[in-house]
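# An overview of the molecular structure
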Amino acid sequence: MLTTRLDLARIGAARRDIDPIFLDTPLYECDALGRELGCTVSIKLETANPVRSFKARGTELVAGMLTSQGRAAAVCASAGNLGQALGWSGRRRGLDVTVVASRRAPAAKLDRIRALGAELELVDGDFEMARERAASIAQQRGVRLVEDSLDIETCEGAATIGLELTSAASSFDAVLIALGGGAMATGVGYVLKTLAPDVEVICVQPLGAPAMTRSWHQRRVVTTDVTDTIADGVAGRYPIPAVLDDLLTVADDAVLVHEASIVTGMRMLLERAGLVVEPSAALGIAAVLEDRDRFAGRHVATIICGGNVDLDAYHRWVRTP
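Overview of the structure. Since the structure is predicted, the reported quantities are computational estimates derived from the model, not experimental observations. Within every chain, residues take consecutive numbers counted from 1 along the sequence as written. For this predicted model, a pLDDT threshold of at least 70 governs which residues receive local features, and a threshold of 80 or more governs which side-chain atom pairs are given and counted, while totals over whole chains, interfaces and linings are taken from all residues. Computation of side-chain values covers all heavy atoms of the structure but excludes hydrogens and water.

## Focus on the pairing of strand β8 (residues 200–206)
Only protein chains enter the accessibility calculation, which uses a 1.4 Å probe. A residue is then buried if its area is under 20% of the maximum for its type, exposed if over 50%, and partly exposed in between. Numbering of helices and strands runs from the N terminus, with a helix taken as a DSSP run of H or I at least four residues long and a strand as a DSSP run of E at least two residues long. Where burial is concerned, most of β8 is hidden: seven out of the seven residues are buried. What you see with β8 is no split at all: Glu-200, Ile-202, Val-204 and Pro-206 on one side and Val-201, Cys-203 and Gln-205 on the other are buried throughout. Note on pairing: two strands pair once DSSP finds at least 2 bridges between them. Taken together, the five bridges between strand β7 (residues 174–178) and β8 define a ladder with parallel strand orientation. Residue pairing in the sheet places Val-175 in a bridge with Val-201 of β8. Crossover handedness for the path β7 to helix α8 (residues 183–195) to β8: right-handed. With its strands directed away from the observer, a crossover is right-handed exactly when the path from the first strand over the helix to the second travels clockwise.

If you want it as structure tokens, here you go:
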């Protein structure tokens, strides 16, 4: 039995508390991608929902819990997707939501947070600076600080993706999961290792934001001074110890990929699958591109975790070189 903070019974029960609009997302083999990459590729599409990312699976649980506790407000730090998701889930339940984000976050994500009715505060600096400011607001106002990956609800909400993967008719040799703070990697990884232990769980992170991957390999928290990647959704510098402990239990490998491979992955997802994705969602494809021999002839699944991207930046990235 795996020893982590997660619990399979709670994950199963979580499906009852998540709006069905975020559940049972499309899962299908993409023949065009497979031919290009030399392996069978299945896509789990987490962008076909009102917040265009997987994050609402977790915020639905958080917001429901806060409502049941009689709480009226919450604050979070976000690179963009969590803020949208908490704004959506909070608005549905009458919660006042404040989101702290970096001024450098993609404008499309910031605009969506505002459109969902959340109060948005911008800070100079990166996500870690936003996290410090959100903690300060929570203390000053006496409201709940929602911390992605640390709050078990965010991990167990994401873990429902794993239930859907394991119930699929197809069996996978490996599942490629974008790695940032770790909610999706630990949640999905836990379910896979519990219900389908032979499936290889591979986490993927950019070379320009390697903190969690380095921590996994060294089996201790490793921080970095800066990040330098277009994959803003996974660009953290300070791994959370409890999350790392979970990741060490459920992940078979953690790999780093180059920016050029991320861009090529985004272009391939557009050209071969008709999908407009943010950089973090292309990490799985990037991992196959950089190690084709490892995946040759195997059946891999990759989670398309987000589609919130500034169009101007997207066009610059994916245009044919």
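Picking up where we left off.
## Some points on empty space enclosed by the protein
Think of a 1 Å grid over the protein atoms and nothing else: a 1.4 Å probe that fits but is trapped marks a cavity, an open set flanked by protein within 12 Å on at least five of seven lines marks a pocket, and residues with an atom within 4 Å of a point count as lining. Grid points are joined across faces, edges and corners, and a volume is the space filled by probe spheres set on the points. Under the definition given, this model contains two cavities of 30 Å³ or more. When its volume is computed, the largest cavity comes out at roughly 580 Å³. Lining the largest cavity are 40 residues, and of these Lys-55, Asp-148, Gly-180, Gly-181 and Gly-233 sit closest to its centre. For the lining of the largest cavity, the secondary structure elements donating two or more residues are α4 (81–93), α6 (127–141), β6 (144–146), α8 and α9 (211–218). The greatest single-element share of the lining of the largest cavity, amounting to four residues, is contributed by α6. Gly falls in the polar group here, along with every residue not listed as nonpolar (Ala, Val, Leu, Ile, Met, Phe, Trp, Tyr, Cys, Pro) or charged (Asp, Glu, Lys, Arg). Partitioned by chemical class, the residues of the lining of the largest cavity number 19 nonpolar, 12 polar and nine charged. As a volume, the second largest cavity reaches approximately 40 Å³.

## Some points on the sheet that holds strand β4 (residues 96–102)
Pairing in this open sheet of four strands is parallel, and the strands run β5-β4-β3-β6 from one edge to the other. In this open sheet, the two strands that pair with only one neighbour each are β5 (119–123) and β6. Averaged over all adjacent pairs, the angle separating strand axes in this sheet is 25°, with direction ignored. Across five bridges, the pairing between strand β3 (residues 73–77) and β4 is parallel. Bridging across to β4, Ala-73 finds its partner in Asp-96. As a rule, the C-alpha atoms of each element are fitted with a line to give its axis, helices using only the stretch in contact, and angles between N-to-C directions run from 0 to 180 degrees.

## So, the packing of aromatic side chains
Two rings belonging to Phe, Tyr or Trp (six-membered ring only in the last case) form a pair when the distance between their centres is within 6.5 Å. Interplanar angles under 30 degrees mark stacking, angles over 60 mark edge-to-face geometry, and anything in between is tilted. Per the counting criterion, the structure on display carries one aromatic pair. A centroid spacing of 4.9 Å and a plane angle of 90° characterise the contact between Phe-22 and Trp-88, whose relative ring orientation is edge-to-face. In this pair, Phe-22 is assigned in the loop between α1 (8–14) and β1 (27–29) and Trp-88 in helix α4, connecting sequence segments 66 residues apart. For the residue pair Phe-22 and Trp-88, the accessibility class agrees, reading buried in each case.

## A look at the state of the cysteines
Think of a disulfide as a covalent bridge from one cysteine sulfur atom to another cysteine sulfur atom. Criterion for a disulfide: a pair of cysteine sulfur atoms within 2.5 Å. Under the counting rule described, the total for this entry stands at zero disulfides. Cys-155 takes part in no disulfide bond, and the closest cysteine sulfur, belonging to Cys-203, lies 12 Å away. Note on Cys-155: relative accessible area 0%, which makes it buried.

## Some points on the side chain of Lys-55
Here Lys-55 shows up in the loop between β2 (40–45) and α3 (56–68). Lys-55 sits in the buried class, given a relative accessible area of 15%. Ignoring anything within four residues of it in the chain, the contact list for Lys-55 reads Asn-81, Leu-82, Ala-85 and Asp-148. By the convention used here, residues are in contact when the closest approach between their heavy atoms is within 4.5 Å.

## Notes on the sheet that holds β8
Taken in spatial order, the six strands make up an open sheet running β1-β2-β10-β7-β8-β9, and their pairing is mixed. Strands at the two margins of the open sheet, each flanked by one partner only, are β1 and β9 (253–257). Direction aside, the axes of adjacent strands within the sheet are offset by 25° on average. Relative to the sheet, α8 contacts β7, β8 and β10 (299–304), its axis offset from that of β7 by approximately 160°.

## Re the environment of Ile-262
Looking at where Ile-262 falls in the secondary structure, it is placed in helix α11 (residues 259–273). Accessibility expressed as a relative area gives 0% for Ile-262, which makes it buried. The spacing of Ile-262 and Ala-196 is 66 residues in sequence and 28 Å in space, taken between C-alpha atoms. With residues near it in sequence (within four places) discarded, Ile-262 still touches Pro-206, Thr-229, Ile-230, Val-257, Pro-279, Ala-282, Leu-283 and Ala-286.

## Points about the side chain of Thr-160
Secondary-structure assignment places Thr-160 in helix α7 (residues 152–166). A residue is classified by how much of its surface remains accessible, and Thr-160, at 0% relative accessible area, is buried. Side chain to side chain, Thr-160 and Arg-57 meet in a polar contact 2.7 Å long. Those residues in contact with Thr-160 that sit more than four places away from it in its chain are Ile-11, Ala-14, Arg-15, Ile-18, Leu-23 and Arg-57. Polar contact is defined as a pair of N or O atoms within 3.5 Å, subject to the rule that within protein one atom must be able to donate a hydrogen and the other to accept it, and that residues adjacent in sequence are counted only when both atoms are side-chain atoms.

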